[in-house]
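Observations on chain architecture
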Amino acid sequence: MPGSGPSTLSLIAAGLYVAVAMACGFAMVMALRNRQQPIHWKSFAGLAVLFVAMAVLRLLDFEDMVRDQLRDWLLASDNYESRRGIQGPIVLVIIALATAIGSFWIYRKVRAAQGRRNYAVIAAQTAGLAMIGLIAFRTVSFSALDKLLFGTLKLNWIIDIGCSGLVAACAIYYVWVVRKPQRSRSGASSR
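Since we're looking at a predicted model, the values are computed, not measured. (Residues numbered from 1 in each chain as written. Predicted model: local features only at pLDDT ≥ 70, side-chain atom pairs only at ≥ 80, totals over all residues. Heavy atoms only, no water.)

1. A word on the overall build of the protein chain
Helices and strands together make up the secondary structure of the protein chain, namely seven helices and zero strands. Along the protein chain, from the amino end to the carboxyl end, the secondary structure elements read α-α-α-α-α-α-α. By residue count, 36% of the 191 residues in the protein chain fall in the buried class. Excluding contacts between residues fewer than 6 apart, the proportion of contacts in the protein chain whose partners are at least 24 apart in sequence is 77%. Of the roughly 11600 Å² that the protein chain leaves accessible, carbon and sulfur atoms contribute 68%. (Helix = DSSP H or I, 4+ residues; strand = E, 2+ residues; numbered from the N terminus. Buried < 20%, exposed > 50% of the residue type's maximum accessible area, 1.4 Å probe, protein only. Contact = heavy atoms within 4.5 Å. Areas by Shrake-Rupley, 256 points an atom, 1.4 Å probe, with all protein chains shown as cover.)

Rendered as structure tokens:
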């Protein structure tokens, strides 16, 4: 029944997003506390905000609401039957922009990066960008793309859970790497 609130899957997804946001928040605090590069704490802060926003949007069924509004607009303007002519170019633009921006960004970041901390931040940022792309694709709701995302393989779930898990894993790994030198020093001084 529409309007009855979020589904069980939406609640689980929102919970996952909150857990990822908490991991990113912890990584942000560790970066600040250990005086790491500002881009590190800013990246994890941005990712935490992204995942909190995604949790809220999931609980509010925002994507479904936008899809319904787009469908209503197409119906009202007598463009519903020709929607693929509108959705196709939008999907192509999203793919082209995501590919161009993503490739340039990854090339620039990875080329200049050194060290495990930087690679953890870059991997987390990349997974966050992939989540934004996934949300854009789900919102546009192009039939051919929907078959891939929501079909037998459930690529939507694989990408969503995979990217969320990667961001959380990168945040946890980052905390571990940042704290490791402290453990080594404190262990040596106590001997």
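2. Side note on the environment of V66
Checked against the element boundaries, V66 lands in helix α3 (residues 62-76). As a C-alpha pair, V66 and V140 span 74 residues in sequence and 8.8 Å in three-dimensional space.

3. Quick notes on the packing of helix α1 (residues 8-33) against helix α2 (residues 38-59)
Put simply, α1 and α2 touch, their axes get as near as 8 Å, and they point 165° apart. Taken together, α1 and α2 sit at an angle that is classed as roughly antiparallel. Remark: the crossing between α1 and α2 carries left-handed chirality. Per-class residue counts for the contact of α1 with α2 are 22 nonpolar, three polar and one charged. (Axes fitted to C-alpha atoms, helices over the stretch in contact; angles between N-to-C directions. Parallel < 35°, antiparallel > 145°, perpendicular 65-115°, else oblique. Left-handed = near helix turned anticlockwise from the far one by under 90°. Nonpolar A, V, L, I, M, F, W, Y, C, P; charged D, E, K, R; others polar.)

4. Some words on the pattern of salt bridges
Scanning the model with the defined rule gives one salt bridge in all. Among the salt bridges present, the one from R58 reaches D160, with a minimum N-O distance of 3.3 Å. Pair noted here: R58 is in helix α2 and D160 is in helix α7 (residues 155-189), with a separation of 102 residues, a long-range link. A residue is classified by how much of its surface remains accessible, and R58, at 22% relative accessible area, is partly exposed. (Salt bridge = Lys/Arg side-chain N within 4 Å of Asp/Glu carboxyl O.)

5. Regarding the packing of aromatic side chains
Throughout the structure, instances matching the rule amount to three aromatic pairs. On the basis of an interplanar angle of 50° and a centroid distance of 5.1 Å, the ring pair of F44 and Y174 is categorised as tilted. Of this pair, F44 sits in helix α2 while Y174 sits in helix α7, and the two are 130 residues apart along the sequence. Residue Y174 is classed as buried on the basis of its relative accessible area, which comes to 0%. (Phe/Tyr/Trp six-rings, centres within 6.5 Å; stacked < 30°, edge-to-face > 60°.)

6. Quick look at the side chain of S10
If you trace the backbone, S10 turns up in helix α1. Apart from the residues lying within four places of it in its own chain, the contact partners of S10 are R58 and D61.

7. Details of α1
The terminal C-alpha atoms of α1, which comprises 26 residues, lie 37 Å apart, in line with the 38 Å expected from a rise of 1.5 Å per residue. Those residues of α1 that fall on the buried side of the exposure criterion are S10, A13, A14, Y17, V20, A21, A23, C24, G25, A27, M30 and A31. Looking one or two residues beyond α1, the residue adopting positive phi is R35, at roughly 50°. (Expected span 1.5 Å × (residues − 1).)

8. Describing unusual backbone geometry
The backbone of R35 sits at a positive phi, close to 50°, despite the residue not being glycine. Along the chain, R35 falls in the loop between α1 and α2.

9. Some remarks on the packing of α2 against helix α5 (residues 116-140)
Contact geometry for α2 and α5: axes closest at 10 Å, N-to-C directions at 25°. Classified by the angle their axes make, α2 and α5 are roughly parallel. By crossing handedness, the relation of α2 to α5 is classed as left-handed. Between α2 and α5, the contacting residues are I39, H40, S43, F44, L47, L50, F51, M54 and R58 on the first element and R117, N118, V121, A124, Q125, G128, M131, I132, I135 and R138 on the second. For the contact of α2 with α5, the per-class residue count stands at 11 nonpolar, five polar and three charged.

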